Amino acid sequence: MEYIPQIIFALLLIAGVGYFTSNIRKMIRNIKLGREVDRSDNKKERWAQMARIALGQSKMVRRPIAGFLHVVVYLGFVIINIEVLEIIIDGLFGTHRIFAPFLGGVYDFLIGTFEILALLVLVTVVVFWIRRNAMNIKRFTMGELKGWPKNDANYILYFEVVLMSLFLIMNATDFILQTRGVEGYAHAGEIFGSFPVSQFVAVFFENMADTTLIVIERAAWWIHIVGILIFLNYLYWSKHLHIMLAFPNVYFAKLTPKGQFTNMEAVTAEVKLMMDPDADPFAAPDPAAMDEDPASLGASDIFDLDQVQLLNAYTCTECGRCTSECPANITGKKLSPRAIMMKTRDRLEEVGSVINKEGEWKDDGKKLLNDHITTEELWACTTCNACVEACPIGIDPLSIIMDMRRYLVLENSAAPTDLNNALTNIENNGAPWPYNQMDRLNWADEL
């Protein structure tokens, strides 16, 4: 009977971690539906960028108020969850604060730090809730944040409040039980841990009987760890998946100048063939090449995007900094870079659900283009890179927009009329204007 709590804890832990692992494997499978892209270059620079942006939060603090608040929650989340390791060991072996005898004063310092951070997180979460729900900040009230995205952001805040409150209640009751020397909590008169915040919370429990305190402490302990496992598995459906994906996303981000676009291999190969004086234009095509499906010029669906772009979609925090900086959106155009990433993720999940159901991909008659992202959104983009610069974790909405534009132009000849005219003139006259090269200087004769 004495081992039943440990057995239940082990089963919950295995189930929680197992379900999370299953969902992460599905996410990785979905990302691998995209084209492979080589980002193995400049490893030293990539590690430095990840340390500076993902770990150091260097781009978050460009907006000081929101940045500072985010850093508090970020540090609180990372540091406080160090204690989860001790909770897991205590849960599996039925021990109580197992690290305390080994760490001594350091343990007291850590617990005290955890408590101060928990209080700061609670205050910050309240401020975040007010910003999202009461201050009418435009980027938090836009169309793409209606319904689930808005609720998701609030659910996370509620989760944080519950988890931090349980942490402080657990410590407050534990502090009283240690002080009273109750069996299972007594350590030869020594108090394990420092409780700068929960000692004030303990005032509400100090008149309770030992048995009542044990029930409250155990309930807070169990709900806290179960809540963490629930939160862990909730991440897959939440924008807070960026907690884990921000690091690889920043690592694999482009290192080239932001205004530099990539060349398409298929087009590059054609141009090189045309420029090769030794190439035989009348040579028979390679039979092996004829058997291959021709590469899509641009992107109409998630299969045409590369794996880093799909990683971007899963990593998007929906913070809206990209959209708030977008000149097209500011001037009333339909384009929202944040919506581009959210719609790409929606399509990824749509494709993934078909694979989950059928065991393999079967065409569902939908595409990312038109069914999720409209041509109006794509052509509203000014390609200024403001969205890329604004993103705090290296997401690149512009690359998706440009790949989908390429598809419209090269596969469908569906560019806007003015652009089609300019492209035709470049092809025929070597310039965007509808004048023969021989007539370009005729204007000078009129001077």
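A quick note: this is a predicted structure, and the numbers were derived from the prediction, not measured.

Draft legend 1. Representation of the overall build of the protein chain. In terms of regular secondary structure, the protein chain is built from 20 helices and zero strands. Against the 2.2 N^0.38 benchmark of 22 Å for 447 residues, the protein chain shows a C-alpha radius of gyration of 28 Å, more extended than a compact globule. Dimensions along the principal axes, computed over C-alpha positions, put the protein chain at roughly 100 × 55 × 40 Å. Taking all 447 residues of the protein chain together, the buried fraction comes to 43%.

Draft legend 2. Broad picture of the packing of aromatic side chains. Considering all chains together, one arrives at 13 aromatic pairs under this definition. Centroid distance W221 to W222: 5.3 Å. Interplanar angle 80 degrees. Geometry classified as edge-to-face. Residue classification places W222 among the partly exposed positions, given a relative accessible area of 24%. Geometrically, the ring pair formed by F303 and W361 is tilted, given 5.2 Å between the ring centres and 50 degrees between the ring planes. Placement of the pair is F303 in the loop between α12 (287-291) and α13 (307-315) and W361 in the loop between α16 (337-358) and α17 (375-380), with a sequence separation of 58 residues. Accessibility expressed as a relative area gives 27% for W361, which makes it partly exposed. Each member of the aromatic cluster is reached from another via a ring pair, and the members are W148, Y155, F159, F231 and Y234.

Draft legend 3. How the structure looks around the nonpolar core. Formed by 53 residues in total, the largest nonpolar core has its most connected members in M27, Y314, L335 and M404. Looking at this core, the element that brings in the most residues is helix α19 (residues 397-411), giving seven residues. Those residues in contact with L335, other than ones at most four positions away along the chain, are C326, A328, N329, I340, E377, A380, C381 and I401.

Draft legend 4. Expanded view of the side chain of E318. The residue E318 is located in the loop between α13 and α14 (321-325) in this model. Among the residues examined, E318 registers a relative accessible area of 5% and is labelled buried.

Draft legend 5. A nonpolar patch on the surface, seen in detail. On the surface, a cluster of nonpolar side chains totalling about 920 Å² of accessible area is made up of Y19, V126, W129, I130, M135, W148, Y155, Y158 and W237. The topology assignment puts W129 in helix α6 (residues 105-133).

Draft legend 6. Broad picture of the pattern of salt bridges. Applying the stated rule across the entire model yields 17 salt bridges. The shortest N-O distance in the salt bridge between E325 and R63 comes to 3.1 Å. With E325 in helix α14 and R63 in the loop between α2 (43-55) and α3 (64-80), the pair connects residues that are 262 residues apart, well separated along the chain. Note that R345 is salt-bridged to E318, the shortest N-O span being 2.2 Å. Placement of R345 in helix α16 and of E318 in the loop between α13 and α14 is noted, with a sequence separation of 27 residues between them.

Draft legend 7. Up close: the environment of R39. With respect to the helices and strands, the residue R39 is situated in the loop between α1 (4-31) and α2. Here the alpha-carbon distance between R39 and N23, two residues 16 residues apart in the chain, equals 25 Å. The residues touching R39, leaving out its near neighbours within four places in the chain, are R46, F252, A253, K254 and V308.

Draft legend 8. The arrangement of helix α9 (residues 210-234) in detail. If you check α9, its first and last C-alpha atoms are 35 Å apart, about what 25 residues at 1.5 Å a residue would give, namely 36 Å. When we look at burial in α9, the residues that qualify are L213, E217, A220, W221, H224, I225, G227, I228, L229, F231, N233 and Y234. Packed against the buried residues of α9 are α1, α3, α4 (83-93), α7 (148-180) and α10 (242-251).

Thresholds applied
Residues numbered from 1 in each chain as written. Predicted model: local features only at pLDDT ≥ 70, side-chain atom pairs only at ≥ 80, totals over all residues. Heavy atoms only, no water. Helix = DSSP H or I, 4+ residues; strand = E, 2+ residues; numbered from the N terminus. Rg over C-alpha atoms; globule rule 2.2 N^0.38 Å. Buried < 20%, exposed > 50% of the residue type's maximum accessible area, 1.4 Å probe, protein only. Phe/Tyr/Trp six-rings, centres within 6.5 Å; stacked < 30°, edge-to-face > 60°. Core = buried A, V, L, I, M, F, W, Y, C linked by side-chain atoms within 4.5 Å. Contact = heavy atoms within 4.5 Å. Patch = residues over 30% accessible without salt bridge, like charges linked within 9 Å, V, L, I, M, F, W, Y side chains within 5 Å. Areas by Shrake-Rupley, 256 points an atom, 1.4 Å probe, with all protein chains shown as cover. Salt bridge = Lys/Arg side-chain N within 4 Å of Asp/Glu carboxyl O. Expected span 1.5 Å × (residues − 1).

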